[in-house]
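Residues per chain, in single letters:
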Amino acid sequence: MTHQVTTHDNALEKADLHEIMRLLPHRYPLLLVDSIINIDGNRSAVGIKNVTFNEPHFQGHFPGEPIMPGVLIVEGMAQTSGAIGIRDLKLDKPALVFFMTIDKVKFRKPVVPGDILEYHVKLIKQRGSICKYECTGIVGGEKVAEAEVQAMLSPSDAKSRSK
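Residues numbered from 1 in each chain as written. Predicted model: local features only at pLDDT ≥ 70, side-chain atom pairs only at ≥ 80, totals over all residues. Heavy atoms only, no water.

What to know about the overall build of the chain
Reasoning step 1: Scanning the chain for helices and strands turns up three helices and seven strands.
Reasoning step 2: Listing the helices and strands of the chain from first to last along the sequence gives β-α-β-β-α-β-β-β-β-α.
Reasoning step 3: Counting only residues that meet the buried cut, the chain has 44% of its 163 residues in that class.
Reasoning step 4: Summed over all atoms, the accessible surface of the chain reaches about 8,900 Å², with 54% contributed by carbon and sulfur. (Helix = DSSP H or I, 4+ residues; strand = E, 2+ residues; numbered from the N terminus. Buried < 20%, exposed > 50% of the residue type's maximum accessible area, 1.4 Å probe, protein only. Areas by Shrake-Rupley, 256 points an atom, 1.4 Å probe, with all protein chains shown as cover.)

Points about the UniProt feature "active site" (unreviewed entry) in the chain
Reasoning step 1: The UniProt record marks H61 with the feature "active site" (unreviewed entry), using the residue numbering of this structure.
Reasoning step 2: Structurally, H61 can be placed in the loop between β3 (44-50) and α2 (70-89).
Reasoning step 3: Note on H61: relative accessible area 24%, which makes it partly exposed.
Reasoning step 4: Not counting residues within four places of it along the chain, the set of residues in contact with H61 comprises P66, I67, M68 and P69. (UniProt positions renumbered as here; feature names shortened; annotations may be inferred. Contact = heavy atoms within 4.5 Å.)

Topic: the pairing of strand β7 (residues 142-154)
Reasoning step 1: Summarising burial for β7: 10 of the 13 residues are buried, a large majority.
Reasoning step 2: Summarising the sheet, strand β4 (residues 96-107) and β7 pair through nine bridges and their orientation is antiparallel. Note that in β7 the partner of L96 across the bridge is S154.
Reasoning step 3: Where strand β6 (residues 130-139) and β7 come together, 10 bridges link them in antiparallel fashion. Opposite C135, over in β7, you have A147 as the bridge partner.
Reasoning step 4: Linkage of β6 to β7, two consecutive antiparallel strands, is achieved through a turn of two residues, within which G140 is found at a positive phi near 55 degrees. (Pairing = 2+ DSSP bridges.)

A closer look at the pattern of salt bridges
Reasoning step 1: One pass over the structure, following the stated rule, counts 11 salt bridges.
Reasoning step 2: Among the ionic pairs, E55 bridges to K49, the shortest N-O distance being 3.1 Å.
Reasoning step 3: The exposure class of K49 is buried, given its relative accessible area of 6%.
Reasoning step 4: Through salt bridges with shared partners, a single ionic network connects E13, E19, R22 and R87. (Salt bridge = Lys/Arg side-chain N within 4 Å of Asp/Glu carboxyl O.)

Concerning the side chain of E75
Reasoning step 1: Position of E75 relative to the elements: it lies in helix α2.
Reasoning step 2: In this structure E75 touches H26, L32 and F99, once residues within four positions along its chain are discounted.

So, unusual backbone geometry
Reasoning step 1: Cis rather than trans, the peptide bond between Y28 and P29 has omega equal to 10 degrees.
Reasoning step 2: Tracing the backbone shows P29 in the loop between α1 (17-23) and β2 (35-40).
Reasoning step 3: Residue F62 follows H61 across a cis peptide bond; omega there is -15 degrees.
Reasoning step 4: Phi is positive for N38, close to 55 degrees, though the residue is something other than glycine.
Reasoning step 5: In this structure N38 comes out as buried when scored by relative accessible area, which is 8%.

In structure tokens, the structure reads:
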């Protein structure tokens, strides 16, 4: 199956699952990003999530009508934002990313098994280790969700946990 991303620029960088796991401490079932493409420093990127029926949340949300919970869509947006922020710091260990605010959240269409969910993230403000991103969830070229997420990158935790 060929996946065409809504935005594409061959000059931008990519991060596969192994690099994402190097950057973030999240693991299955809470790692919600399979790859990240179109990385432009910590300024913007597109996270990719291949939504599959065998994910644990579909057992109860909702049996017979599986829909990806909105809170997990927002978490995937935050993980994509955090990963590019941490990547930009060039650390050798995963760092923690702490949510500070989640604003302007809107869900427009359900995300279901079989969908390829794109998390389009764009830095709108940075002050020290605090970053705020504008995020849009897109499936098949259609906007399914949007939010602004603000988080604090905590690279000092990564250093102390690695000793």
